[in-house]
Amino acid sequence: RGFAKRKMLAAAKRLISSAPSSIGMVAGRCMSSWAPSKFRVKGAESFGALDDMLDNDKVKTWVKSYAELMEPEFIHVCDGSEEENKYILDSLVHSGTFIKLNEKLRPNSYLARSDPADVARVEKQTYICSENQRDAGPLNNWHEPESMRQTLKDLYKGCMKGRTMYIIPYSMGPLGSHISHIGVEITDSAYVVANMRIMSRMGKGALDVLGTDGDFVPGVHSVGHPLGPKQPEKAWPCNADNKYIVHFPETREIMSYGSGYGGNALLGKKCFALRIASTMARDEGWLAEHMLILSLTNPEGKKKYIAAAYPSACGKTNLAMLEPTIPGWKVECIGDDIAWMKFDKDGTLRAINPEAGFFGVAPGTSMHTNPNAMRSASGNSIFTNVALTPDGDVWWEGMTKEAPQRLTSWLGREWTPESGVDAAHPNARFTAPANQCPIIGDEWEDPAGVPISAIIFGGRRSDTVPLVYESFDWNHGTFLGTVCSSETTAAAEGKRGVLRNDPFAMKPFCGYNIGDYFQHWISLGQKHGSKGNLPRIFYTNWFRKNEAGKFIWPGFGENSYDLLLSLHVFPNAGSRRVLRWIFDRADGVDNAEETAIGALFGYLKTICTCSLGSFCLICSLGYVPTVESMDISSLSLSNEEMKELLKVDRERWLEEVLFLGVVFFSS
């Protein structure tokens, strides 16, 4: 009887697939819109259907085990098609999760409002469950893996009753690239499905690459909100009191429970692309980094690719989508957030953007700060926790100089400028396809990756750190990555801000011991450095202030609107000049001078034996531009101000050495 049922369902499936897209079948019920194959979990027929839909035995076994544990009403294997996407979007509108935006103003775009208790990453509930606690390191929350598995198993038991279990096969990176990797996510959130379709190469193509015996990174997610027989769905289901985002490095598994928001639920993003991928990279000899990728082309047509890592509030996304204004120069975006990089046989470091979309912070993004991000999200996008205008478009703080007189806030309440609260949540997001970016490079999906000529680290510092400087070599550059720091809060006038060390901008995202991560960088330099193709490494700081407390580098103003923008924006007119100097240095141009910081330290230098080699900050900071090499034409900047931007101050660097000592010894 079971065999006969499977044959009948297979025949029905073939009939449905040949029918017009406006007709579908879900568990024997006709629907007015296309519905992909869904089957009830109870009974052997559902697993028989899975056998027809999934070719990879490891995926089938894994899915069946969680279907039995979670007890979903339906199983839906995502194919990534346009018809499926329309079905998902329509269902989200029907459930109240999505609001369809004005088709003329924001075509094929939607607004979602999350539960107020589910608005951001939850670092305190994010765990690295390595077998050995030491392997998690000082920056991660560690938990013994077997007891955590039992905790999650108890939470997962029956968690999808009355819900649909979606199976999302996806590729992080271009399909078929040797740098890319395949993941499969189980989720009960249609919101996750809609966002993952934008953020990854999701669906049939990923299954085809996976094949019958390929390996994949398994991710399990549930919002933790089972439904009774006649219980209506919430607009934003979650379990605010029980949130877990858990990683098992040895088995490369991800398990998430309770949250439906952002990286907590879109498991391909930070969970896979950084935490799990960083452990894969350590084991396999490559790099998974929290970096943008851009290309620069000079007037002679020579192109170079740059990767850059910055802590939050340093303008990383804006740099990735920089608008070129220097005559003859061209800037293109390859990726805005994450880079996977592998060395080729010639020792060249080649990078891909593993993501297919942008998951950007909305507040502060505008046609003034990042016009290309705004254009990227002009349609086919999802907005979460932004405000809604009366004419059905979106708005957030910093989008325009003046706020609209009337809005509906992210909480669904009437809002006016006199309301005294933000209309959009500070962590409001837009999800937009990368191929809609006006300056996306043609090679952004090149499976071979792009050759990286320079790597930039940086931070937000009002003093001490020069505008830009270059490391002596790969090891010294690795050290610069370890000391990435930013001022996180503004203190009283005349005093320095509070510093937060964020090594490689990976503090929340490194999936293993950060000390071993540093060693991994050094080991890669030792292995591939002899071929002479290692990228040059730089450090930038756009945020130095003068004695009056004003930004020196052009692009910042001091009124309240410009101060809001300064939290999110690079001073575009100036940053292009810095990138031009970096381009020239990577091209071998001799336009720099070594800082004399060793002489400034005096007595410290006398006790330095350089046992650290090029790590030694005491001996020298690195190479800074000559004042003449920086093109400041058309900028409101004097030579004296340029000298101040490149200045190395003895007293400040003595303080910096003490700060770094505390950072390293406390870790």
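Model, not experiment: these values are computed from the prediction.

Attention now goes to the packing of aromatic side chains. Across all of its chains, the model carries 27 aromatic pairs by this definition. Ring geometry for Tyr 170 against Phe 272: centres 6.2 Å apart, planes inclined by 70°, an arrangement best described as edge-to-face. Pair noted here: Tyr 170 is in strand E9 (residues 164–172) and Phe 272 is in helix H10 (residues 268–284), with a separation of 102 residues, a long-range link. The pair formed by Tyr 170 and Phe 272 is uniform in burial state, with each residue classed as buried. Grouping aromatic residues by their ring pairs yields a cluster made of Phe 457, Trp 474, Phe 504, Tyr 512, Tyr 517, Phe 518 and Trp 521.

The next point concerns the confidence of the model for the protein. Confidence along the protein averages 86 in pLDDT terms, with 84% of residues attaining 70 or more. Taken together, the stretch residues 489–496 has pLDDT below 50 and engages in 10 contacts with residues farther than four places along the chain or on a different chain.

To continue, consider the packing of helix H13 (residues 474–482) against helix H14 (residues 514–528). At their nearest, the axes of H13 and H14 sit 9 Å apart, and the two run at 160° to each other. By the criterion of interaxial angle, the relationship of H13 to H14 is roughly antiparallel. Remark: the crossing between H13 and H14 carries right-handed chirality. Contacts between H13 and H14 involve Trp 474, Asn 475, Thr 478 and Thr 482 from the former and Phe 518, Trp 521, Ile 522 and Gly 525 from the latter.

We now examine the pattern of salt bridges. If you walk through the whole model with that rule in mind, you get 38 salt bridges. Arg 149 is paired through a salt bridge with Glu 146; the nearest N and O atoms lie 3.8 Å apart. With Arg 149 and Glu 146 both in helix H6 (residues 145–156) and 3 residues apart, this pair spans about one turn of that helix. Take Arg 149: its relative accessible area is 22%, and that puts it in the partly exposed class. Ionic pairing is found between Arg 201 and Glu 445, a salt bridge with its closest N-O pair at 3.1 Å. Note that Arg 201 is positioned in strand E11 (residues 201–202) and Glu 445 in the loop between strand E27 (429–433) and strand E28 (450–458), a separation of 244 residues in sequence. Salt bridges linked by common partners bring Lys 269, Lys 270, Lys 316, Asp 337 and Glu 355 together as one network.

Before going further, it helps to spend a moment on the nonpolar core. In terms of nonpolar packing, the biggest core is built from 157 residues, with Trp 340, Ile 455, Phe 457, Leu 467, Trp 521, Trp 553 and Met 642 touching the most fellow members. In terms of nonpolar packing, the next biggest core, distinct from the first, is built from 34 residues, Leu 50, Val 63, Ile 182 and Met 255 among them.

Time to look at the pairing of E9. Judged by how many residues are buried, E9 sits mostly within the fold: 9 of 9 residues are covered. Strand direction decides the pairing type here: strand E4 (residues 74–77) and E9, joined by 4 bridges, are parallel. Within E9, the position partnered with Ile 75 by the bridge is Met 165. In this structure, E9 lies alongside strand E10 (residues 181–187), joined through 7 bridges in antiparallel fashion. Counted as the bridge partner of Ile 168 is Glu 185 from E10. Bridge analysis of E9 against E11 gives 2 bridges, and the strand direction is antiparallel. Across the sheet, the residue bridging to Ser 171 is Arg 201, located in E11.

This part covers the side chain of Thr 482. For Thr 482, the location among the structural elements is in helix H13. A polar contact is formed between the side chain of Thr 482 and the backbone oxygen of Phe 479, at a distance of 2.6 Å. The contacts of Thr 482, once residues within four sequence positions are left out, are Asn 501, Pro 503, Phe 504, Phe 518 and Phe 664.

Let us look at the sheet that holds strand E6 (residues 110–112). Sheet architecture is open: 5 strands sit in the order E5-E6-E22-E27-E21, paired in mixed fashion. Every interior strand has two partners, whereas the edge strands, strand E5 (98–100) and strand E21 (357–361), have only one. Pairwise comparison of adjacent strand axes, ignoring direction, gives a mean angle of 20° for this sheet.

It is worth spelling out H10 at this point. When the terminal C-alpha atoms of H10 are compared, their 19 Å separation across 17 residues is substantially less than the 24 Å that a helix rising 1.5 Å per residue should span. Bending of H10 peaks at approximately 45° at the position of Ala 277. With 14 of 17 residues buried, H10 is to be regarded as a mostly interior element. One or two positions beyond H10, positive phi appears at Gly 285, with a value near 85°.

Quick notes on the rules
- Per chain, the residues get numbers from 1 upward, laid out in the order the sequence is written.
- Since the coordinates come from a predicted model, pLDDT governs what is reported: local features require at least 70, and pairs of side-chain atoms require 80 or more to be given and counted, while whole-chain, interface and lining totals use all residues.
- With hydrogens and water stripped out, all remaining heavy atoms of the structure feed into the side-chain values.
- Stacked, tilted and edge-to-face pairs are distinguished by plane angle, under 30 degrees for stacked and over 60 for edge-to-face with tilted covering the rest, among Phe, Tyr and Trp rings (Trp via its six-membered ring) whose centres lie within 6.5 Å.
- By definition, any uninterrupted DSSP run of H or I lasting at least four residues is a helix, any uninterrupted run of E lasting at least two residues is a strand, and each is numbered from the N terminus.
- For each residue, the accessible area found with a 1.4 Å probe, counting protein chains only, is set against the maximum for its type, and the residue is called buried under 20%, exposed over 50%, and partly exposed in between.
- pLDDT expresses how confident the predictor is about each individual residue, on a scale running from 0 to 100.
- Every residue pair with non-hydrogen atoms within 4.5 Å of one another is taken to be in contact.
- The axes are straight lines fitted to the C-alpha atoms, using for helices just the contacting stretch, and the angles between their N-to-C directions are given from 0 to 180°.
- Small angles under 35 degrees read as roughly parallel and large ones over 145 as roughly antiparallel, with 65 to 115 read as roughly perpendicular and the rest as oblique.
- Here a crossing is taken to be left-handed if its near helix is turned anticlockwise relative to the far helix by less than a right angle, and right-handed if that turn runs clockwise.
- Any carboxyl oxygen of Asp or Glu within 4 Å of a side-chain nitrogen of Lys or Arg constitutes a salt bridge here.
- Definition of nonpolar core: a set of buried residues of the types Ala, Val, Leu, Ile, Met, Phe, Trp, Tyr and Cys, connected through side-chain atoms within 4.5 Å.
- A pair of strands is labelled paired if DSSP reports no fewer than 2 bridges between them.
- For this analysis, a polar contact is any N or O atom pair within 3.5 Å, provided that within protein one partner can donate a hydrogen and the other can accept it, and provided that sequence-adjacent residues contribute only side-chain to side-chain pairs.
- Residue count minus one, scaled by 1.5 Å, sets the expected span of a helix.
- The quantity called bend is, for any residue, the angle between two axes fitted respectively to the seven residues ending at it and the seven beginning at it.

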